[in-house]
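Descriptive structure summary
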Amino acid sequence: MENRSLQLAIIGCGRWGKNHAKTAKRIFGDGLKFICDIDPMQLESVRGIAGKTALVTSTEQVISDPAVNAVVIATPAETHYALAKQCLEANKNVLVEKPLALFSDEARDLQQLALAKKKILMVGGASAVAAVALSYALTKPRRRAPAPAARAAAPKVDLTMTIVGLPEIKAA
């Protein structure tokens, strides 16, 4: 299956990055535009997965490309905040592997930036679930959140990821 409207980049080719690359290539095909890692050896490890996908060592190349509209960040945790912030500032939708940031004030900063930019910010933990959720969030019509009374009556659901930045959902 190929989704031509999604132009995805994956930053990080470690264990989780490879899982994201495999899943994204299977689901999005040529919609996976870049796989990026600063370590050329890590990039070599995904060459068989990549097909026509560009393998690059520059995060700036990924972030500055206007065709890329979504980025998966699967790098060491201490880099998550800075990379996610750069991506959001460049008007990209972002999925960050756990944790979103190392400090709660950084997580709040990213949440506020996503809301201000009207971009999707997701925290994922399961590669296939995250890829499908990102695709759905970017391509399906969005509905407004139910009224407060309806929300109170709705059953509580424990999700494996959090999505912030959907324009139609207003913070309480």
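Right above here is the structure, for reference.
A few points on the structure. Here the structure is a predicted model, which means the values were calculated and not measured.

Description of the overall build of the protein chain
Each helix and strand in the protein chain was counted, giving eight helices and seven strands. A burial count over the protein chain gives 42% of its 172 residues as buried.

Thoughts on the pattern of salt bridges
Pairs can form between side chains of opposite charge once their charged atoms are near each other. The tally for this structure, following the rule as stated, stands at four salt bridges. Among the ionic pairs, Lys 25 bridges to Asp 30, the shortest N-O distance being 3.9 Å. According to the relative accessible area criterion, Asp 30 is partly exposed, its value standing at 42%. Its salt-bridge partner being Asp 65, residue Lys 33 comes within 3.1 Å of it at the nearest N-O pair. On the criterion of sequence distance, the pair formed by Lys 33 in strand β2 (residues 32-36) and Asp 65 in the loop between α4 (59-64) and β4 (70-73) is long-range, its members being 32 residues apart. Overall, the relative accessible area of 14% leaves Asp 65 in the buried class.

Quick word on helix α5 (residues 77-89)
With 13 residues, α5 ought to run about 18 Å at 1.5 Å a step, and its terminal C-alpha atoms sit 19 Å apart, in line with that. Among the residues of α5, those classed as buried are His 80, Tyr 81, Leu 83, Ala 84, Cys 87 and Leu 88. Packed against the buried residues of α5 are β1 (8-11), α4, β4, β5 (93-97), α6 (104-117) and β6 (121-124). Looking at the residues trailing α5, positive phi occurs at Asn 91, about 65°.

Description of the pairing of β1
Burial along β1 is two-sided: the residues Leu 8 and Ile 10 and Ala 9 and Ile 11 are all buried. For the crossover from β1 across helix α1 (residues 15-28) to β2, the handedness is right-handed. Where β1 lies against β4, four bridges are found, and the strand directions are parallel. Paired with Ala 9 across the strands is Val 71, a residue of β4.

Observations concerning unusual backbone geometry
Cis peptide bonds are those with omega within 30 degrees of zero, and the linkage from Lys 98 to Pro 99 qualifies with -10°. On the secondary structure map, Pro 99 appears in the loop between β5 and α6. Within the chain, Asn 91 stands out as a residue other than glycine whose phi angle is a positive 65°. Residue position: Asn 91 is located in the loop between α5 and β5.

Describing the nonpolar core
Among the nonpolar cores identified, the biggest contains 24 residues, and Val 62, Val 71, Ile 73, Val 94 and Leu 121 are the most heavily contacted of them. Those elements that provide at least two residues to this core are β1, β2, α4, β4, α5, β5, α6 and β6. If you tally residues by element for this core, the top one is α5, at five residues. With residues near it in sequence (within four places) discarded, Val 71 still touches Leu 8, Ala 9, Ile 11, Val 62, Cys 87, Lys 92, Asn 93, Val 94 and Leu 95. By size, the runner-up hydrophobic cluster in this structure holds 18 residues, among which are Ile 10, Ile 27, Val 72 and Met 122.

Rules behind the numbers
Residues numbered from 1 in each chain as written. Predicted model: local features only at pLDDT ≥ 70, side-chain atom pairs only at ≥ 80, totals over all residues. Heavy atoms only, no water. Helix = DSSP H or I, 4+ residues; strand = E, 2+ residues; numbered from the N terminus. Buried < 20%, exposed > 50% of the residue type's maximum accessible area, 1.4 Å probe, protein only. Salt bridge = Lys/Arg side-chain N within 4 Å of Asp/Glu carboxyl O. Expected span 1.5 Å × (residues − 1). Contact = heavy atoms within 4.5 Å. Right-handed = clockwise from strand over helix to strand, strands pointing away. Pairing = 2+ DSSP bridges. Core = buried A, V, L, I, M, F, W, Y, C linked by side-chain atoms within 4.5 Å.

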